[in-house]
Amino acid sequence: MKAVRFHQTGAADVLVYEDVPDPVPQDHEVLIRVEAAGLNFADVMRRRGDPYPEASPTPFTLGIEVAGTIAAVGKDVTHLKVGTPVLATPGAGGYAQYLCVPAAIVVPLPEGVSAMQAAAVVAHGLSAALALSQAARLAPGETVLIEAAAGGLGQFAVQLAKHYGAKVIAAASTPEKRALALRLGADATVDYTAPNWHEQVLALTDGRGVDVVLETVGGDNIHEALKALAPFGRLVFIGQSGGQTTHIEPWDLTVANHTVTCFYVMGYMANPALIQSTLGEIIGLILSGKLQLQIDTVLPLSQAAEAHRLLESRKTTGKVVLQPWA
């Protein structure tokens, strides 16, 4: 079968489209014929060799989220059948035509949801929902600042935060992206590439600040985000797309009773009931028309390097998806 792997970290050109052995499912696994694989900025970070919470031993196959059909099942798998459309979040391995995953993490697709739609939902939709509800403990009536609000995760976060009853301030880098966030339901927007952008947030909140920040950029941006927090506010660190780390002085958090917490979606996979109920909620919102799904770019698997360049350029709005059989 064909897969895309990197044998060393670096620029997008290190991604190699090559032949690899066909996988065979173990007793507790299913074999998925991958029809769509969603890209995430975590893929870019691992390919570049940026700090990441899990190792990426080479040769490494990226791909956190996939959708397709079951091609084979292990002998201990009785609740899933060959031919069933499914989605899964394996954490890695999705840039391939076939993938073996534990049956426990596989979710059958409801009628009316395509593989393309499902691949755009799993990591970004799931991450947005769990970051808001579990890590941030967002409550109705609170105000949340969502960074990179026009990106794949950000678009879900804007819409879900509104669904949860929050006021949303969307942070994005261009007028076009900020306009998109407003169309998705954001109450206000700020340009988080501007100097001292926290002042824009304070002006929108009568000087109080926001209750929650979803932090995705990292580096010095975190200090601006902390200045935008209200007393007892919570900053949820999801990633550092900027590739830069920083130092936070605990005493700087103390007087305002600020909390900094971290979110990693794969850590929640140990709770399959939560995962399935959350995915069910998201898919239900999409089918009912209450949640808009934006797919920005679809490319064949052989063009994974180009897909990475697009994602890294920050010119995309919405999800980037690879098709292994195109």
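Residues numbered from 1 in each chain as written. Predicted model: local features only at pLDDT ≥ 70, side-chain atom pairs only at ≥ 80, totals over all residues. Heavy atoms only, no water.

Draft legend 1. Fine view of the packing of helix 1 (residues 41–48) against helix 9 (residues 304–312). Relative to each other, helix 1 and helix 9 sit at 110°, their axes nearing to 10 Å. The orientation of helix 1 with respect to helix 9, classified from their angle, is roughly perpendicular. The residues of helix 9 that touch helix 1, namely those facing Phe-41, Asp-43, Val-44, Arg-47 and Arg-48, are His-308, Leu-311 and Glu-312. (Axes fitted to C-alpha atoms, helices over the stretch in contact; angles between N-to-C directions. Helix = DSSP H or I, 4+ residues; strand = E, 2+ residues; numbered from the N terminus. Parallel < 35°, antiparallel > 145°, perpendicular 65-115°, else oblique. Contact = heavy atoms within 4.5 Å.)

Draft legend 2. Main features of the sheet that holds strand 2 (residues 15–19). With respect to topology, three strands assemble into an open sheet ordered 2-1-4, the strand pairing being antiparallel. What marks the edges here is a single partner per strand, and that holds for strand 2 and strand 4 (60–61). Here strand 1 (residues 2–6) pairs with strand 4 via two bridges, running antiparallel. Its bridge partner being in strand 4, Arg-5 is matched across the sheet by Thr-61. (Pairing = 2+ DSSP bridges.)

Draft legend 3. Expanded view of the nonpolar core. Formed by 58 residues in total, the largest nonpolar core has its most connected members in Leu-87, Leu-132, Val-144 and Ile-146. Those elements that provide at least two residues to this core are helix 2 (115–135), strand 9 (143–146), helix 3 (152–163), strand 10 (167–172), helix 4 (175–183), strand 12 (210–215) and helix 8 (272–287). Examining the composition of this core, we find that 14 residues originate from one element, helix 2, more than from any other. Core analysis: the next-biggest nonpolar cluster, separate from the first, contains 20 residues, Phe-6, Phe-41, Met-45 and Leu-311 among them. (Core = buried A, V, L, I, M, F, W, Y, C linked by side-chain atoms within 4.5 Å. Buried < 20%, exposed > 50% of the residue type's maximum accessible area, 1.4 Å probe, protein only.)

Draft legend 4. Structural detail: helix 4. When helix 4 is considered as a whole, its buried residues turn out to be Lys-177, Arg-178, Leu-180 and Ala-181. All buried residues of helix 4 fall inside an arc of 155° around its axis, so they share one side. Exposed residues on helix 4 whose side chains face more than 90 degrees from its buried face are Pro-175, Glu-176 and Arg-183. On its buried face, helix 4 is in contact with helix 3, strand 10 and strand 11 (188–191). Just beyond helix 4, the residue with positive phi is Gly-185, at close to 120°. (Arc of directions from axis to C-beta.)

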